[in-house]
Structures are given as structure tokens and as C-alpha cells.
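# Structural characterization, general
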Amino acid sequence: MTVLVCGGAGYIGSHTVRELLDKGREVVVADSLVTGHRKAVDERASFYWGDLSDEAFLDVVFRENDIDAVIDFAAFSIVGESVTNPVKYFENNIGSTLCLLKKMNEYGVKHIVFSSTAAVYGEPEVVPITESDRTLPTNPYGESKLCVEKILKWFDNAYSLKYAVLRYFNAAGAHISGKIGEDHKPETHLIPIILDVALGKRDKISIFGDDYPTDDGTCVRDYIHVSDLARAHILALDKIMAENISVTYNLGNGNGFSVKEVIETARRVTGKEIPCDIAERRAGDPSVLIASSDKLTRELGFEPEFNTLEKIIETAWKWHSTHPDGYKDR
Ligand code: UFG
């Protein structure tokens, strides 16, 4: 089976590419390299450099390969940036995906796994969050993903395109080999920033708000290891292809950790002091985001391999401590 992985040079994409190859699938990667890294793409995959909004580019990819299914990671994903520059997010995250879906239709490819996000829920009414809970994004990034979810529903209705929508909670960690990991520029995510402090690349980590209605006053998130996320993509793909159905799943561990707990755990894992201070709240941050992973466990038999925050941070530390400048070091 040949899988086209759009955005396969990115953080979650590159881990999924490796997982697919390890399971004996053929992989074709398409990536614009605007945020992805060529060095992150496993050498066993074929690579096409281009933009999903470029129909001629997609024609080449689909014509030269016998694609059975698509996994689509290609998107911009910085929440704050999406608030100040919604055009960029709607144009790319919706426009390019629509172009991809049109081409899938044209070439008779009927199955897609789509990267969505917990941001589609906005501020949750209850936690843990289940897939049928209210969706009310509080930023254009989440809105762009929710919009594609709706487009997929109508493509299924009109063209029998079957999809798995995967709503990620907080992806974290790095491949167990230490060869690929997280490298965003600029980096906005909590764990890589904490590890930059441990490496001495930053003086301190600023905690964005300690007056939230949580036990220690800092925001609570559900961290899931990137390789566990990757495995879930393959389980979801196999399910929608075997049963020819469309599904939506939360991808989280079902456990919440506060920002302070994450810092404490990183101190234990790295043995470094990791100074911190308290800063203003970051606009648009919900206080608590925890997935209900019941549906995922029940329907896909999914069990996270990296089931503790220690294990997740250990793998991230292995990557960051050997690649302090990310892919530039390789
Ligand atoms: N945080 C800090 N200091 C920092 C960076 C982050 O205190 O320097 C806090 C944030 O305020 C938040 C938590 O750490 O409470 C986690 O922040 P991240 O930026 O790592 O992750 P988010 O929860 O903001 O974002 C994740 C995904 C997004 C997705 C979003 C849904 O990365 O793609 O969840 O709300 F949109």
C-alpha cells in the first residue's frame, strides 16, 4: 500500500512517515519545507518538494505514484500567529487542503487521515472532552481545522470520500532513536522551551499565568507522545479503509499535567535547575484541556506506549540535548 503523506517533513508528519515505513508501507512525502525539514524525512520515502495549493505539483505527485490513501499534516499551527494573521491560516489550512481533496477526487483516492486539533473545542464545557462535545474555536487556527472537518463531511456526502479526523491534544517527545524530533522556528511549545532552558540556551521559562482555576493555578494539558500519535494514524487509516467509514477521534492520553508539573518533571529528567518566573496569561489559552481517549481505546484498541510524562520528556531530552540547534546540526 502506498500512502501520500502531506507535510511529512514536519514534526508529527516525520514521525508518522517512519512508523509507516517500519510497518512495511510505501511512503510518498509532499512538503513545501516552509516549516518542515528535508533532513527529517526518512531516506526510504520518496520526496516531492512543493505546495499543495499548486495543482500542477499535485498532478505530478498523483500521476507518478499509485497512491492508495493520504495522511494530511500540512498546515500552519501557531495559535497566536493565527489571531494576528487569519488570512495566512484560512488561505493555507483551508485553501490548500481543498485543493488536495479535489485532486484526490480526480485521481480516485478515497481515504484520508486529517490532522485536526483540540483547538476546535475552544474553552471546553466539561473535561475530559469527548468527540461529540461542542466545537467553538477561539482562534483562526482552530477555526481553519474545524472548517476542513466540515468540508470532509460534505466530500463524504457527495463523493464517498472516507476520512479519519484526528483531534490532537499536546503532541510532545521525540523518536526513541533520537534521530528526529521537534524543531519549530520560532518555538512556542512548552516542553522544547523548557529544555532550551535546561541546555542553557534560554535563561528561564516564563509560566503564562498562575491564576487559572486549577490546583496550582497553571494551565493543564494532555501530553501525548508523537510516536504514539503516529501509531494512532496508522490504526485509524487501517480502520477507515477496512470498514469504508468516516470517523473522528481525540488523540490524547486522558491525563492532565499543569505547567508547573511539566517543569518539575523536566527538572527530574534532566537533572538541571531550570529557573522559571510567572508572566502574564497568554491570550486564548483555555485553563484545562484533557481528552477523553475512551473512543480511541474502544474502537482502535489504542494504548499509549509512552504512558508517563517522564518517558515523554526523556525522549524529548535525548533529541534536544544531541541536537541543540535542531536539524541544523545534522
Ligand atoms: N506555556 C508557558 N510558557 C511557555 C510556553 C507555553 O507557560 O513559554 C504554557 C501555555 O500557556 C499552555 C501550556 O504551556 O498553558 C502548553 O502550551 P503549548 O504552547 O506547548 O501548547 P498549547 O496547549 O497552547 O497548544 C496545543 C497545540 C496547538 C493547539 C492547542 C489547542 O500545540 O496546536 O494545543 O489549544 F492548537
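## Comments concerning helix 2 (residues 55-64)
Think of an α-helix as 3.6 residues a turn; residues three or four steps apart then line up on the same face. Of the residues making up helix 2, those classed as buried are Phe-57, Leu-58, Asp-59, Val-61 and Phe-62. Buried-residue contacts for helix 2 involve strand 1 (2-6), strand 2 (26-31), strand 3 (46-49), strand 4 (69-72) and helix 4 (86-106). Two or three places before Ala-56, at the opening of helix 2, Asp-54 has a side-chain oxygen 3.1 Å from that residue's backbone nitrogen.

## Notes on the pattern of salt bridges
Evaluated as defined, the whole model comprises 25 salt bridges. The closest approach of N and O atoms between Glu-55 and Lys-103, which form a salt bridge, is 3.4 Å. Of the two residues, Glu-55 sits in helix 2 while Lys-103 sits in helix 4, which places them 48 residues apart along the sequence. Judged by its relative accessible area of 3%, Lys-103 falls in the buried class. The partner of Asp-183 in a salt bridge is Lys-185, with the nearest N and O atoms 2.5 Å apart. A single salt-bridge network, built from bridges that share partners, covers Glu-55, Asp-59, Lys-102, Lys-103 and Glu-106.

## Things to note about the site of the ligand
Close contacts around the ligand come from 20 residues, with Leu-190, Ser-206, Arg-221, Arg-282 and Asp-285 the closest. Contacts to the ligand include Arg-282, whose side-chain N or O atom sits 2.7 Å from an oxygen atom. For the ligand, an oxygen atom lies 2.6 Å from a polar atom in the side chain of Asp-285. Contact with the protein chains hides 92% of the accessible area of the ligand, taken as 690 Å² for the molecule alone. Of all the secondary-structure elements, those providing two or more residues to the shell around the ligand are helix 6 (190-198) and strand 8 (205-208). If you tally residues by element for the shell around the ligand, the top one is strand 8, at four residues.

## Topic: the packing of helix 4 against helix 5 (residues 140-159)
Contact pair helix 4 / helix 5: the axes reach a minimum separation of 9 Å and the direction vectors enclose 20°. On the basis of the axis angle, helix 4 is roughly parallel to helix 5. Helix 4 and helix 5 meet at a crossing whose hand is right-handed. Contacts from Pro-86, Tyr-89, Phe-90, Asn-93, Ile-94, Thr-97, Leu-98, Leu-101, Lys-102 and Asn-105 of helix 4 reach helix 5 at Pro-140, Tyr-141, Glu-143, Ser-144, Cys-147, Val-148, Ile-151, Leu-152, Phe-155 and Tyr-159. Taken together, the residues that form the contact of helix 4 with helix 5 break down as 14 nonpolar, four polar and two charged.

## As for the packing of helix 8 (residues 259-270) against helix 10 (residues 309-322)
Axis angle and axis distance: for two packed helices, these are the angle between their axes and the distance between the axes, and together they describe the pair. Put simply, helix 8 and helix 10 touch, their axes get as near as 9 Å, and they point 60° apart. It follows from the interaxial angle that helix 8 and helix 10 lie oblique. Crossing angle aside, the handedness with which helix 8 passes helix 10 is right-handed. Counting all contacts with helix 8, which are made through Glu-261, Val-262, Thr-265, Ala-266, Arg-268, Val-269 and Thr-270, the residues of helix 10 involved are Leu-309, Glu-310, Ile-313, Glu-314 and Trp-317.

## What about the pairing of strand 8?
Side-chain alternation along strand 8 places Ile-205 and Ile-207 on a buried face and Ser-206 and Phe-208 on a face that remains uncovered. Pairing analysis gives four bridges linking strand 8 to strand 13 (residues 276-279), with the strands arranged parallel. Its bridge partner being in strand 13, Ile-207 is matched across the sheet by Ile-278.

## Description of empty space enclosed by the protein
A full pass over the atoms with the stated rule returns one cavity of 30 Å³ or more. By volume, the largest cavity is sized at about 40 Å³. Considering the residues around the largest cavity, the lining is formed by Tyr-223, Asn-253, Asn-255, Phe-257, Phe-306, Asn-307, Thr-308, Leu-309 and Ile-312. Residues belonging to the lining of the largest cavity are distributed by class as follows: five nonpolar, four polar and no charged.

Rules of the game
- Residues numbered from 1 in each chain as written.
- Predicted model: local features only at pLDDT ≥ 70, side-chain atom pairs only at ≥ 80, totals over all residues.
- Heavy atoms only, no water.
- Buried < 20%, exposed > 50% of the residue type's maximum accessible area, 1.4 Å probe, protein only.
- Helix = DSSP H or I, 4+ residues; strand = E, 2+ residues; numbered from the N terminus.
- Contact = heavy atoms within 4.5 Å.
- Polar contact = N/O pair within 3.5 Å; in protein donor to acceptor, adjacent residues only side chain to side chain.
- Salt bridge = Lys/Arg side-chain N within 4 Å of Asp/Glu carboxyl O.
- Near = heavy atom within 4 Å.
- Areas by Shrake-Rupley, 256 points an atom, 1.4 Å probe, with all protein chains shown as cover.
- Axes fitted to C-alpha atoms, helices over the stretch in contact; angles between N-to-C directions.
- Parallel < 35°, antiparallel > 145°, perpendicular 65-115°, else oblique.
- Left-handed = near helix turned anticlockwise from the far one by under 90°.
- Nonpolar A, V, L, I, M, F, W, Y, C, P; charged D, E, K, R; others polar.
- Pairing = 2+ DSSP bridges.
- 1 Å grid on protein atoms, 1.4 Å probe; cavity = no way out; pocket = protein on both sides within 12 Å on 5 of 7 lines; lining within 4 Å.
- Points joined across faces, edges and corners; volume = space filled by probe spheres on them.

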